[in-house]
Amino acid sequence: MKEILNLKNVAVEYDRHGRKVRAVAGVDLTLNSGEILGLVGESGCGKSTLGKAIVGILSPITGEIVFDGQKVKKLTRGKRPEHFRNLQMVFQDPYGSLNPRRKIGMQIADGLIVAGMSKKLALLKAEDLLEKVGLPRNAVGRFPHQFSGGQRQRISIARALAASPTAIIADEPISALDTSSQAQVANLLVNLVDEFDMGMVFISHDLSIVRRISDRVAVMYLGKIVEVGTVDQIWNNPSHPYTRALISAIPHADGTSFMPKDLPGDVPNPMSPPSGCRFHPRCPLAKAECASNEPELRKLADGRDVSCVLQTAGSQPVTITLN
Amino acid sequence: MSAILKKFKRSKNANSIWRQPLAVVGISIIAIWTFLAIFAPWIAPYDPNAQDADKFLTPSAAHWMGTDELNRDIWSRIIYGARISLPYSLLLVVLSATLGSIIGAISGYAGGKVDAVIMRITDVFFAFPGIVLAMAVAAALGPQIRNAVIAITIVAWPIYARLVRGLILNAKQNDYVTASALLGSSALRTMVVDLRPNLSGPVFVLASLEVGNALLLLSGLSFLGLGAQPPAAEWGSMVSMGAVNFDRWWVGLFPGLAILTAVLAFNFIGDSLRDALDPRTAKALRD
């Protein structure tokens, strides 16, 4: 397993009428080839912002993002350096992510033509890619409106594949699809990651899908990563109170074993984040020190990282039970 | 542009342009004028510049629309006038649409200071009545039809720049523009490949609505003596001769009617094109 993406202390700020909003406030994260890293968290926690920063749509104000040995730079008006074309993104909205006035074959072939392939060859390759994502070869001559949301998302994926990516940031790629297409697109992503040995950051708020397809999961709260671990670790023994609350908020069909546990209060305003641990005003287990000391990510004995004072670096995780 | 026209011919749906009576009227009128212009030497009963008749003959069987101050047959001059008015108004629209679209695209894509400067310049142009500005430019360059064309182009481009800028601002928000940049397209390539297809429809509609305006401005400048020069048969300058000889109603009335019918026809076509092409209206009709 090769490390393909490395984030160190990445922070991203937005300017809202002169006031700075720190949507991502110092994130450390790694992504390996051939793995799917689920990135979960509530709406507004900074998942998408982080995704955009990784590919270079937004530029971080501190920290650095290293992709395959080179530091990611912000997208400019010029051509994107060839090295970074292997770092691609799949967008959430299957309608806005394809040009409604161009045939999809040309949209997929674009990446190849830019890289210097002849138009004829690129269109042939586009047919191969369409086949790869489960669409008929003759779809190259059609326009986006002739496809359903799920099919469009597969076309977007084919377009990203045209750049032979080694890492893909999938920003809520299935949130806008209906349930049956969700499963198909999710399966497609899993198969492609296996086949091409790429790394994928799968940004989602749908925990059950993340659980099914991810190898590792990073949980984000208010611009910070609170816990990163394997799917088993996160689901069976969450070691951060927020992860615990998030996991128990998944409704279960039997309705008996888990009841959704509401956290007190709302997500705080990122313009003025709480002092100390960002989660402490809502944390049922908060101690006095949580209001003043911001906990660092610590590595536990089972290999996961967590930022909570209840856990001690190098020890086995303490089981968290709320109320 | 030919692709757009092809689409019309194929589409037999409710908002096809051929289903709109006004469009059919407009297209017919322009077709007649075009026919007259092309075959002028065979259709016109007299040489437009021949001074064979008497001056100020009232309309009669020999001279359908009478003769003017210089003994020339007005109907023949109107037919030959179509050879100036129609091609020049189309040329004007092509020139100003091209110029305005390029400037607008730069403005919309560059954003920031470039955008602000270009938009303030268009504001200045919008603050003047078009004909006044065109008069000033044409007068400065000297009375010649070529200079009138330059003057009107200078007056007419800002409206296209505004439209295209807005369209680009809107379109560049789309994820597909970002995706294209991520794949390695330069901004210029993105504009040409991804954004241009979004522009051709609206620009084409605006241009078709502006043909009438261009014709009016051109006739206006000629009326004031700043456009086509005598003895060229131009509708605007013929009306101007009618204005001097106000008591001979036929001298000014018939070329005026020629301008009226052509401008009206172009506006009918433009309006119908807008209804047929406007994605929102068209979509509302389909859904």
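Above: the structure in question.
Everything quoted here is computed from the prediction, not taken from an experiment.

Asker: Explanation requested: the overall build of chain B in the structure shown.
Answerer: When its secondary structure is counted, chain B shows 12 helices and zero strands. Order of helices (α) and strands (β) in chain B, N terminus to C terminus: α-α-α-α-α-α-α-α-α-α-α-α. In chain B, which comprises 287 residues, the proportion classed as buried is 50%. Residue pairs in contact within chain B that sit at least 24 positions apart in sequence constitute 71% of those at least 6 positions apart. Accessible surface, chain B as shown: approximately 13700 Å² in total, 68% of it carbon and sulfur. Between the centroid of the 23 positive side chains of chain B and the centroid of its 17 negative side chains there is a distance of 12 Å.

Asker: Help me understand the overall build of chain A in this model?
Answerer: Secondary structure assignment for chain A yields eight helices and 12 strands. Relative to the compact-globule value of 20 Å for 323 residues, chain A shows a C-alpha radius of gyration of 21 Å, a close match. Each of the three principal axes of chain A carries a C-alpha extent, and together these read 65 × 45 × 40 Å. Look at the contacts in chain A between residues 6 or more apart in sequence, and 61% of them connect residues 24 or more apart. In the structure as shown, chain A presents an accessible area of about 14000 Å², 50% of it carried by carbon and sulfur atoms.

Asker: Could you clarify how one ought to interpret the pattern of salt bridges in this entry?
Answerer: Scanning all chains against the criterion turns up 26 salt bridges over all chains. Note that R248(B) is salt-bridged to D247(B), the shortest N-O span being 4.0 Å. Within the structure, one salt-bridge network assembled from shared partners comprises R102(A), D110(A), R189(B) and D194(B).

Asker: I'm lost on the state of the cysteines in this one. Help?
Answerer: Here a disulfide denotes one covalent bond, and it connects the sulfur atoms of two cysteines. Residues and elements named next belong to chain A. This model, assessed by the stated rule, comprises zero disulfides over all chains. Counting only cysteine sulfurs, C290 is the nearest neighbor of C277, a cysteine outside any disulfide, at a range of 5.8 Å. The exposure class of C277 is buried, given its relative accessible area of 13%.

Asker: Got a minute to help me understand the packing of helix 10 (residues 235–244) of chain B against helix 11 (residues 249–277) of chain B in this structure?
Answerer: All names here are of chain B. Running from N to C, helix 10 and helix 11 point in directions that differ by 145°, and their axes come no closer than 7 Å. The element helix 10 and its partner helix 11 pack so that their crossing is left-handed. Residue-level contacts link W235, G236, M238, V239, M241 and G242 of helix 10 to V251, G252, P255, G256, A258, I259 and A262 of helix 11.

Asker: Would you mind going over the interface of chain B and chain A with me for this structure?
Answerer: At the junction of the two partners, chain B supplies 20 residues and chain A supplies 25 residues. At the boundary of chain B with chain A, total buried surface from both sides reaches about 2000 Å², with 58% on carbon and sulfur atoms. Where chain B touches chain A, the interface holds two salt bridges. Close ionic contact of R189(B) with D110(A) constitutes a salt bridge, the shortest N to O distance being 3.2 Å. At the junction of chain B with chain A, the criterion picks out 10 residue pairs in polar contact (both at pLDDT 80 or more). When contributions to the side of chain B that touches chain A are tallied by element, the ones reaching two or more residues are helix 4 (74–110), helix 8 (175–182) and helix 9 (187–223) of chain B. The class makeup of the residues in the side of chain B that touches chain A is 11 nonpolar, six polar and three charged.

Asker: Quick question: what am I supposed to make of a nonpolar patch on the surface here?
Answerer: There is a patch of nonpolar side chains on the surface, built from V124(B), F128(B), I131(B), V132(B), M135(B), F223(B) and L224(B) and spanning about 560 Å² of accessible area. The element best represented in the nonpolar patch is helix 6 (residues 130–141) of chain B, accounting for three residues.

What counts and what doesn't
- Residues numbered from 1 in each chain as written.
- Chains lettered and ligands numbered in written order.
- Predicted model: local features only at pLDDT ≥ 70, side-chain atom pairs only at ≥ 80, totals over all residues.
- Heavy atoms only, no water.
- Helix = DSSP H or I, 4+ residues; strand = E, 2+ residues; numbered from the N terminus.
- Buried < 20%, exposed > 50% of the residue type's maximum accessible area, 1.4 Å probe, protein only.
- Contact = heavy atoms within 4.5 Å.
- Areas by Shrake-Rupley, 256 points an atom, 1.4 Å probe, with all protein chains shown as cover.
- Lys, Arg positive; Asp, Glu negative; His and termini not counted.
- Charge placed at Lys NZ, Arg CZ, Asp CG, Glu CD.
- Rg over C-alpha atoms; globule rule 2.2 N^0.38 Å.
- Salt bridge = Lys/Arg side-chain N within 4 Å of Asp/Glu carboxyl O.
- Disulfide = S-S within 2.5 Å.
- Axes fitted to C-alpha atoms, helices over the stretch in contact; angles between N-to-C directions.
- Left-handed = near helix turned anticlockwise from the far one by under 90°.
- Buried area = accessible area lost by both parts, 1.4 Å probe.
- Polar contact = N/O pair within 3.5 Å; in protein donor to acceptor, adjacent residues only side chain to side chain.
- Nonpolar A, V, L, I, M, F, W, Y, C, P; charged D, E, K, R; others polar.
- Patch = residues over 30% accessible without salt bridge, like charges linked within 9 Å, V, L, I, M, F, W, Y side chains within 5 Å.

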